[in-house]
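Examination of the molecular architecture
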Number of protein chains: 2
Amino acid sequence: MATCHLSALVLLVLSSHGLAKDNGKKPEVKKVQTLSRGWGDSLEWVQTYEEGLFKAKNSNKPLMVINHRDDCPHSQALKKAFAEHKGIQKIAEKFILLNIVHDPTDKNLLLDGLYVPKIIFVDPSMVVRADIPGKYSNHRYTYEPTDCDLLFENMKKALKLLKTEL
Amino acid sequence: MATCHLSALVLLVLSSHGLAKDNGKKPEVKKVQTLSRGWGDSLEWVQTYEEGLFKAKNSNKPLMVINHRDDCPHSQALKKAFAEHKGIQKIAEKFILLNIVHDPTDKNLLLDGLYVPKIIFVDPSMVVRADIPGKYSNHRYTYEPTDCDLLFENMKKALKLLKTEL
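The rules behind each value
- Residues numbered from 1 in each chain as written.
- Chains lettered and ligands numbered in written order.
- Predicted model: local features only at pLDDT ≥ 70, side-chain atom pairs only at ≥ 80, totals over all residues.
- Heavy atoms only, no water.
- Least-squares fit on C-alpha atoms with pLDDT ≥ 70 in both.
- Contact = heavy atoms within 4.5 Å.
- Buried < 20%, exposed > 50% of the residue type's maximum accessible area, 1.4 Å probe, protein only.
- Helix = DSSP H or I, 4+ residues; strand = E, 2+ residues; numbered from the N terminus.
- Pairing = 2+ DSSP bridges.
- 1 Å grid on protein atoms, 1.4 Å probe; cavity = no way out; pocket = protein on both sides within 12 Å on 5 of 7 lines; lining within 4 Å.
- Points joined across faces, edges and corners; volume = space filled by probe spheres on them.
- Nonpolar A, V, L, I, M, F, W, Y, C, P; charged D, E, K, R; others polar.
- Phe/Tyr/Trp six-rings, centres within 6.5 Å; stacked < 30°, edge-to-face > 60°.
- Salt bridge = Lys/Arg side-chain N within 4 Å of Asp/Glu carboxyl O.

With that out of the way, let us pick up the relation of the copies chain A and chain B. Expressed as a screw transformation, the operator carrying chain A onto chain B has a rotation angle of 180 degrees and an axial translation of 0.0 Å, and the superposed copies differ by an RMSD of 0.0 Å. Between the two chains, the operation in question is that of a two-fold axis. Using C-alpha coordinates, one finds that chain A approaches the rotation axis most closely at Thr34(A), a distance of 2.1 Å. Comparing interface residues between copies, 100% of those in chain A also lie at the interface in chain B; the contact surface is shared.

What follows is about helix α2 (residues 49-59) of chain B. Within α2(B) the residues assigned to the buried category are Tyr49(B), Glu50(B), Glu51(B), Gly52(B), Leu53(B) and Ala56(B). Packed against the buried residues of α2(B) are α2 (49-59) of chain A together with β2 (45-46), β3 (63-67), β4 (96-100) and β6 (118-122) of chain B. Phi turns positive one or two residues past the end of α2(B), at Asn60(B), with a value near 55 degrees.

Turning our eyes to something else, we now look at the pairing of β4(B). All names here are of chain B. Burial of β4 is extensive: 5 of the 5 residues sit out of reach of the surface. Judged by which residues are buried, β4 turns out to be covered on both faces: Ile96, Leu98 and Ile100 on one side and Leu97 and Asn99 on the other are all buried. Bridge count for β3 against β4 is 5 bridges, and the pairing is parallel. In the sheet register, asparagine 67 faces β4, and the bridge partner there is isoleucine 100.

Turning our attention to the sheet that holds β3(B). Judged by pairing direction, the sheet is mixed, and its 4 strands sit side by side in the order β2-β4-β3-β6 (chain B) without closing on themselves. Of all strands in the sheet, those bounded by a partner on one side alone are β2 and β6 of chain B.

This brings us to the sheet that holds strand β2 (residues 45-46) of chain A. The strand order across the open sheet built from 4 strands is β2-β4-β3-β6 (chain A), with neighbouring strands paired in mixed fashion. Each of the sheet's edge strands pairs with one partner strand only, and the pair in question is β2 and β6 (118-122) of chain A.

For the rest of this paragraph, the subject is unusual backbone geometry. Residue and element names in this part refer to chain A. Between valine 116 and the following residue, proline 117, the backbone shows a cis peptide bond with an omega angle of -10 degrees. Along the chain, the position of proline 117 falls in the loop between β5 (115-116) and β6. Not every positive phi belongs to a glycine, and asparagine 60 is a case in point at roughly 55 degrees. Residue placement: asparagine 60 occurs in the loop between α2 and β3 (63-67). Note on asparagine 60: relative accessible area 39%, which makes it partly exposed.

Pairing between β2(A) and strand β4 (residues 96-100) of chain A: 2 bridges, direction parallel. By the bridge assignment, Val46(A) is partnered in β4(A) with Leu98(A).

As a further point, take empty space enclosed by the protein. Across all of its chains, the model carries 1 cavity of 30 Å³ or more by this definition. Taken as a whole, the largest cavity holds about 50 Å³ of empty space. Together, Thr48(A), Tyr49(A), Glu50(A), Leu98(A), Ile100(A), His102(A), Pro104(A), Thr48(B) and Glu50(B) line the largest cavity. Secondary-structure elements contributing two or more residues to the lining of the largest cavity are α2 and β4 of chain A. Its residues placed into classes, the lining of the largest cavity shows 4 nonpolar, 3 polar and 2 charged.

Once that is clear, we can look at the packing of aromatic side chains. Here a ring pair, both rings aromatic, is described through the centre-centre distance and the interplanar angle of the planes. Residue and element names in this part refer to chain A. Enumeration over the complete set of coordinates arrives at 4 aromatic pairs over all chains. On the numbers, 5.2 Å between centres and 75 degrees between planes, the contact of tryptophan 39 with phenylalanine 82 is edge-to-face. Pair noted here: tryptophan 39 is in the loop between α1 (8-23) and β2 and phenylalanine 82 is in helix α3 (residues 73-84), with a separation of 43 residues, a long-range link. Each member of the pair, tryptophan 39 together with phenylalanine 82, is buried.

Before going further, it helps to spend a moment on the pattern of salt bridges. Residues and elements named next belong to chain A. Scanning the model with the defined rule gives 16 salt bridges over all chains in all. In this structure, glutamate 51 and lysine 55 form a salt bridge, with 3.3 Å as the shortest nitrogen-oxygen distance. Of this pair, glutamate 51 and lysine 55 both sit in helix α2, 4 residues apart, which is roughly one turn of that helix. Through salt bridges with shared partners, a single ionic network connects Asp123, Arg129 and Asp131.

Shown next as structure tokens:
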């Protein structure tokens, strides 16, 4: 299981809040299950890691893998910041985009462990870019919502490295 | 590459038709990318094979994997029949559902080759049910739109085998 950066206490409070709200009668509305999941509804997302690798190779674009969880407040907060960051949303068009809530079986994506949120870049040549981390030494590929400018820079770096290395 | 049951000629005609239509000016409408992809919009779908296996195991429901392609008319015709078959749509609630347009890397799903459409059942015990085929000896796990009643029976069989074997 991936761990989410969140204390159990906060999770408990949030859960209780959810339960309290559910006591009131409300009509059951079925949410549409989208591939974007709110990370950028106007962007194009691939469904699986295999599809991402295939399209990265075919289009010569880097693949950006966002591993997150619906029940992880850190993931949700990062998603909100990601979706609202105009620079990220614009530059994201130059990537093959994948967001997942279950870890792919490919061990190359494991890097420094199972945790969420975790953002990894993969070159069209299928190489996982371990050299594009965030700023935390314990979880090198995670980002806080306030790190979106660094993430934006890392996205530029992924594109730049791609050009200089080819 | 998976092969689609379709002659190149038909594909060519359909493509030409598409091109002809595109000559007229029409506003660009961005389609919402859903997980159901039209196979049953009111049903719950998982995103990846890994997620499907995890949920099948946790819920003790069989996993139903539908491998198809957006550009394969056989897949599209089966999808229409599948979505309109009330029995299938009802019984499908008892399954963990996955539809994919790229082959998962798990070789257990390969069975008698790469082709689409292909529908495979996987037990919560992670066993691929090679013993629940369609009716074609060359592609044992494919279905034509007119085979939806057989598919419905196979779905019942997958549930029944699950009960008797546990």
